[in-house]
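In case you want the letters, here they are:
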Amino acid sequence: MMASLLGLAVFAMVLSGPALAFVPIGGGGSTHVTITGNALLQKVMETCKAVAENNDYEFKPTGNSPEQIVQACLGPTATGDVSGAKFHSALQEIYVQNGLVDRDFVNSAPHHFNSEAFFEGRSLITEGMAAIKANIRSENFKAAREALGKILHTVQDFYSHSNWVELGYTDPYPSLIRADLPIENIADINTPTCSDCASGTCPDPILPTVLENQKLTSGYMGIFSSTKPDGKCSHGGVSDLTSGIRPRGGIHKDERRPDNKFYYDAAVKVATAASLQLLEDIRLAAGDDDFLRMMGIARSSVLCFVIDTTGSMSDDIDEARNVAYEIIDSKRGTQDEPSEYILVPFNDPKFGPVIKTDDPDVMKKEISKLTANGGGDHPEMCYSGIQLALTTAPAYSNIYVFTDATAKDAHLKDTLVALIRSTKSTVNFFMTGGRRRRRSTRAGTFNDYKDLALASGGQAIEVSKNQLPQATAIILDTSTSALVTVLQQARNPGKPDSFSFDVDASLKNITIYITGSALTFTLTNPNAATQSSSQTSGALAAISTVGNLWRTTLNTDRASGTWQIRITSNNPYTVKVTGQSTIAFIYDFVEEFGGPHPGYAVLTGRPQAGQPANLMLPLMGREGSDSLKVKEVSLISVSSSASVVANTTSMGDGSILVTVSSVPEGEFVILLKGTDTVSNTEFQRQSTTQMSVSKVNIQAIVSSSLEPGKPFTLPFSVLTNGAGGDFTINARNDRDFKMDYTKSLTLKPGEYSDGTLTITPPPETLSGTDVTLTLEASRGADSNYAVLRFSVLEKITDFFPPVCEIIKIVDACPHVSQCKDYVWEVSANITDGNGTGIKNVSLNQGNGTLTEVIGGDPAQYHYNASCCAEVFEMVAVDQIGNVGKCFHSIVRSACAPAPKLSVLLILSLFFSIFILRPN
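The structure displayed is predicted, hence computed values, not measured ones.

Cut-offs and rules
Residues numbered from 1 in each chain as written. Predicted model: local features only at pLDDT ≥ 70, side-chain atom pairs only at ≥ 80, totals over all residues. Heavy atoms only, no water. Helix = DSSP H or I, 4+ residues; strand = E, 2+ residues; numbered from the N terminus. Rg over C-alpha atoms; globule rule 2.2 N^0.38 Å. Buried < 20%, exposed > 50% of the residue type's maximum accessible area, 1.4 Å probe, protein only. Axes fitted to C-alpha atoms, helices over the stretch in contact; angles between N-to-C directions. Parallel < 35°, antiparallel > 145°, perpendicular 65-115°, else oblique. Left-handed = near helix turned anticlockwise from the far one by under 90°. Contact = heavy atoms within 4.5 Å. Nonpolar A, V, L, I, M, F, W, Y, C, P; charged D, E, K, R; others polar. Disulfide = S-S within 2.5 Å. Phe/Tyr/Trp six-rings, centres within 6.5 Å; stacked < 30°, edge-to-face > 60°. Lys NZ or Arg CZ within 6 Å of the ring centre and 35° of its normal. Pairing = 2+ DSSP bridges.

## Brief notes about the overall build of the chain
Phase 1 of the analysis: Per the secondary structure count, the chain includes 16 helices and 41 strands.
Phase 2 of the analysis: The C-alpha atoms of the chain give a radius of gyration of 29 Å, which matches the 29 Å a tight globule of 919 residues would have.
Phase 3 of the analysis: Reported as C-alpha extents along the three principal axes, the dimensions of the chain are approximately 85 × 70 × 55 Å.
Phase 4 of the analysis: Expressed as a percentage of its 919 residues, the buried residues of the chain come to 58%.

## Observations regarding the packing of helix 3 (residues 85-104) against helix 6 (residues 141-161)
Phase 1 of the analysis: Between helix 3 and helix 6, the least distance of the axes is 7 Å, while the angle of their chain directions is 45 degrees. On the basis of their axis angle, the class for helix 3 and helix 6 is oblique. Note on packing geometry: the crossing formed by helix 3 with helix 6 is right-handed. Residues Ala-90, Glu-93, Ile-94, Gln-97, Asn-98, Val-101 and Asp-102 of helix 3 pack against Lys-142, Arg-145, Glu-146, Leu-148, Gly-149, Lys-150, Leu-152, His-153 and Gln-156 of helix 6.
Phase 2 of the analysis: Split into classes, the residues belonging to the contact of helix 3 with helix 6 amount to five nonpolar, five polar and six charged.

## A few points about the state of the cysteines
Phase 1 of the analysis: Under the criterion given, the structure shown has six disulfides.
Phase 2 of the analysis: With its sulfur 1.9 Å from that of its partner, Cys-194 forms a disulfide with Cys-233. Disulfide Cys-194-Cys-233: torsion about the S-S bond near 95 degrees, hence right-handed. Taken together, the residues Cys-194 in the loop between helix 6 and helix 7 (208-212) and Cys-233 in the loop between helix 7 and helix 8 (261-286) connect sequence positions 39 residues apart.
Phase 3 of the analysis: Judged by its relative accessible area of 10%, Cys-194 falls in the buried class.
Phase 4 of the analysis: With a sulfur-sulfur separation of 0.9 Å, Cys-804 is cross-linked through a disulfide to Cys-886. Placement of Cys-804 in strand 34 (residues 803-811) and of Cys-886 in strand 40 (residues 883-889) is noted, with a sequence separation of 82 residues between them.

## Focus on the packing of aromatic side chains
Phase 1 of the analysis: Inspection of the entire model under this criterion finds 23 aromatic pairs.
Phase 2 of the analysis: Plain terms: the ring middles of Phe-305 and Tyr-400 are 6.4 Å apart, the flat faces sit at 45 degrees to each other, and that makes the pair tilted. Of this pair, Phe-305 sits in strand 1 (residues 303-308) while Tyr-400 sits in strand 4 (residues 398-403), and the two are 95 residues apart along the sequence.
Phase 3 of the analysis: Under the relative-accessibility criterion, Phe-305 is labelled buried at 1%.
Phase 4 of the analysis: By the ring-pair criterion, three or more aromatic residues cluster together here, those being Phe-113, Phe-118, Phe-158, Tyr-159, Trp-164, Tyr-169 and Tyr-173.
Phase 5 of the analysis: Geometry around Tyr-587 places Lys-424 over its ring, the cationic atom sitting 4.9 Å from the centre.
Phase 6 of the analysis: One cation-aromatic arrangement involves Lys-743 over Tyr-741; the distance from NZ or CZ to the ring centre is 4.1 Å.

## Considerations on unusual backbone geometry
Phase 1 of the analysis: Between Arg-246 and the following residue, Pro-247, the backbone shows a cis peptide bond with an omega angle of -5 degrees.
Phase 2 of the analysis: Mapped onto the elements of the fold, Pro-247 is located in the loop between helix 7 and helix 8.
Phase 3 of the analysis: A cis geometry characterises the amide bond from Gly-352 onward to Pro-353, with omega recorded as 0 degrees.
Phase 4 of the analysis: With phi around 60 degrees, Glu-139 is a residue other than glycine that occupies positive phi space.

## Describing the sheet that holds strand 33 (residues 782-791)
Adjacent strands of a sheet pair through backbone hydrogen bonds, lying either parallel or antiparallel.
Phase 1 of the analysis: Pairing is antiparallel across the open sheet formed by four strands, whose spatial order is 30-28-32-33. With one partner strand each, in any of the chains shown, strand 30 (744-747) and strand 33 form the two edges of the open sheet. Between one strand and the next, the sheet's axes are offset by a mean angle of 25 degrees, whatever the strand orientation.
Phase 2 of the analysis: Sheet analysis places strand 28 (residues 725-733) next to strand 30, joined by four bridges and oriented antiparallel.

## Quick word on the environment of Cys-886
Phase 1 of the analysis: We classify Cys-886 as buried; its relative accessible area is 0%.
Phase 2 of the analysis: Separated by 83 residues in sequence, Cys-886 and Val-803 have C-alpha atoms that sit 8.5 Å apart.

## Structural notes on the sheet that holds strand 26 (residues 696-700)
Phase 1 of the analysis: Judged by pairing direction, the sheet is antiparallel, and its four strands sit side by side in the order 26-27-31-29 without closing on themselves. Bordering the open sheet on either side are strand 26 and strand 29 (738-741), each of which pairs with just one other strand. For this sheet, the mean angle separating the axes of adjacent strands, direction not counted, is 25 degrees.
Phase 2 of the analysis: Note that strand 27 (residues 712-720) and strand 31 (residues 753-760) share seven bridges and pair antiparallel. By the bridge assignment, Phe-716 is partnered in strand 31 with Gly-755.

## Some words on the pairing of strand 19 (residues 613-620)
Phase 1 of the analysis: Counted residue by residue, strand 19 has eight buried out of eight residues, so it is predominantly covered.
Phase 2 of the analysis: Burial along strand 19 is two-sided: the face carrying Ala-613, Leu-615, Leu-617 and Leu-619 and the face carrying Asn-614, Met-616, Pro-618 and Met-620 are both buried.
Phase 3 of the analysis: As judged from the two bridges shared by strand 16 (residues 584-585) and strand 19, these two strands associate in the antiparallel manner. Paired with Ala-584 across the strands is Met-620, a residue of strand 19.
Phase 4 of the analysis: Where strand 17 (residues 588-593) lies against strand 19, three bridges are found, and the strand directions are antiparallel. Within strand 19, the position partnered with Asp-588 by the bridge is Met-616.
Phase 5 of the analysis: Sheet topology places strand 19 next to strand 23 (residues 655-660); six bridges connect them, and they run antiparallel. In the strand pairing of strand 23, Ala-613 is matched with Val-660.

Okay, here's the thing in structure tokens:
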């Protein structure tokens with residue numbers, strides 16, 4: 001299958017859109033992204049419907065956009081605007097990793113089921129599924145999504161690159177996701193499989209004997225070599241060097257042509273079904289709630305506190321605790337109740353551990369345990385605590401740091417900037433010790449905190465202990481659903497300046513934040529009405545101050561149109577405008593790659609200086625992306641407002657490709673302007689995370705999981721487009737795993753130099769743990785980074801699902817018209833044999849009652865239901881995540897007499913003793 005754009009799937013194709021083809025970029029047919037997107041959306045909607053039924057509300061989306069799906073999925077608690085950004089972001093991460101298989105593993109036969117590498121390809125899938133399930137158990141959802149994208153690509157390629165559909169199969173091959181099932185009847189190395197095709201596009205090139213004997217084969221692919229075994233099929237296409245060797249031609253179904261259109265359509269259909277089968281297995285192992293969390297569907301963003309617990313915080317920590325309590329309690333039971341709470345304490349020399357929970361009372365209890373002690377030399381391990389928060393919290397999170405001291409671990413500042421840019425999370429500082437003297441020459445300054453806050457789009461607020469409660473409003477503002485940034489600028493050094501921004505009809509709860517000292521400002525609305533900063537309550541807004549922050553909240557009857565803020569100050573200051581709206585965008589810098597399956601890859605570091613740059617922007621509107629008309633995308637300098645206007649190309653899938661000939665010098669952000677067609681008003685949205693360019697580039701590929709206690713070697717390459725010389729290499733990981741790596745490289749301009757890094761997880765590392773590695777290369781002021789994520793996975797030996805045996809059925813159900821007055825019953829034994837043991841048993845289908853009769857292994861369960869509930873399906877999951885099922889149905893015709901109980905019982909016992917076959 002061809003890789004596709006990193007854009008989003010066509011949401012209008014959610015369930016039943018026509019499947020056309022596997023095609024390259026711009027071809028307009030079915031691609032890995034549309035197949036993956038349709039499968040994901042269908043499975044998400046099925047899961048949302050199940051969750052709604054279990055919680056007694058109706059899942060009824062008003063449309064097919066992510067925002068509408070998320071709002072309907074959250075049900076009665078989502079009464080206001082709900083952002084689809086995290087759902088978009090989750091889909092995007094899966095699509096990105098799916099597409100990167102065609103770049104990073106272009107010559108790997110197992111990743112594409114080329115060259116009859118069936119067992120090796122199946123191993124990639126089953127090991128990937130085990131990693132996904134372990135990641136979900138450890139709540140490492142980003143790692144799970146990345147692994148999911150990769151294995152979905154490999155699963156889908158089986159149907160495009162093998163002769164499965166030519167053999168007449170219309171259902172997925174269950175052995176691909178079940179290591180305990182055999183892969184049978186593979187054509188051996190000496191069996192010819194194809195006839196010669198001089199034109200390269202002959203219909204039915206597979207030999208009749210192969211089809212008659214039901215032999216499984218796939219095309220041989222040669223990117224760098226034309227060698228293949230005698231008589232074997234080639235993959236085909238201009239990039240396949242084997243396709244010119246007899247037998248010529250190829251059997252791939254990556255493109256829909258007149259000679260293969262029947263098999264092509266069949267491959268698309270069964271690849272979609274196989275993707276659904278794999279997703280259902282993961283969903284059953286994870287449970288509905290965690291499956292939806294993996295997909296970025298949750299009540300709201302997480303609430304993440306990073307709190308200094310050193311002795312100097314003895315007074316401040318009580319206030320910080322009270323602030324946290326107030327935030328948690330105020331959001332409880334509302335739409336903005338966080339989906340998860342994260343707490344990272346830091347001290348000196350210790351920091352952590354990370355505490356995560358979805359229970360507000362548990363979080364309050366953990367915060368209550370915080371006590372101030374230790375420290376002594378004032379600077380603390382603040383950056384280490386922030387690093388843990390950035391690698392633990394999901395992307396696009398808001399992180400709140402409470403401290404009275406500068407950072408001792410100032411060497412981590414560049415690492416934090418890399419993580420901020422990678423996760424696009426926002427860091428807000430509440431600093432209560434700005435006048436204390438710094439005692440350590442190794443420490444940073446409060447200005448470093450301001451730099452990090454600005455780089456992330458956050459606030460750095462200097463307050464006294466008594467002012468901390470007043471700062472609560474800032475956290476309430478920024479930890480809400482559907483939060484968007486309209487404008488953010490900085491002036492350092494300060495100077496009088498004016499800033500304009502567009503307010504559209506969808507924007508609610510609009511707030512303007514200005515940080516600085518000795519300043520005044522004037523606010524002007526589209527009707528030329530004004531209000532000065534001296535008027536705390538006026539015709540336009542309510543204005544309050546706390547520490548160095550001015551907070552201005554526009555009145556609810558504000559006018560749509562262009563507003564202006566005029567700030568007068570000669571001291572450094574920042575200005576930021578936020579609001580709530582479902583009109584938004586997310587973005588990634590991307591680079592195009594070639595090969596047989598071209599596509600776009602996400603840049604993990606900074607874009608290249610002096611080079612054209614591409615961005616992919618998925619759009620979100622109130623009624624999907626179609627309700628937006630884009631007028632302009634610009635790259636805006638944060639310090640001067642100078643801009644570079646980009647060229648835009650609609651990708652036809654809710655995304656736009658943005659191209660600029662050059663990127664602004666210094667720090668810049670992305671500004672999007674357009675029209676909301678729902679209200680016919682002009683809107684603008686801005687990215688929060690600041691970016692900048694570099695002449696350095698780092699390339700590294702994570703090819704597999706880590707294993708506890710065993711070293712893993714990561715090769716990497718570094719290039720510079722600037723002056724050559726000796727470059728320093730630094731590497732850090734958030735788990736403090738042991739690492740050895742190349743400390744420096746001598747670079748020549750325009751040439752890659754290679755290095756290696758070895759990382760070793762301790763033997764006791766739990767399976768499913770993820771580790772984030774930041775790799776940096778620098779020379780003087782120029783540097784760049786790559787942020788890589790690994791999963792630690794114990795070697796899997798248990799591939800066998802739990803076994804279900806139905807031991808008794810009591811079914812005396814009459815005709816359907818009389819079903820409500822009768823019940824039927826099933827008893828079943830569940831065992832995991834010599835496996836890892838049963839983790840949980842649940843009812844997947846049926847409206848009756850499931851009861852555990854005997855615990856242990858084997859366990860016995862009893863189910864009873866009204867005769868109107870005709871289907872029973874029980875699911876057992878073992879500790880690894882293997883899934884087994886019991887299924888029985890009493891479906892019968894309303895006009896036919898019920899079969900005799902004895903006959904029904906015999907037939908049911910005969911057909912119902914089985915090991916799970918994936919749906």
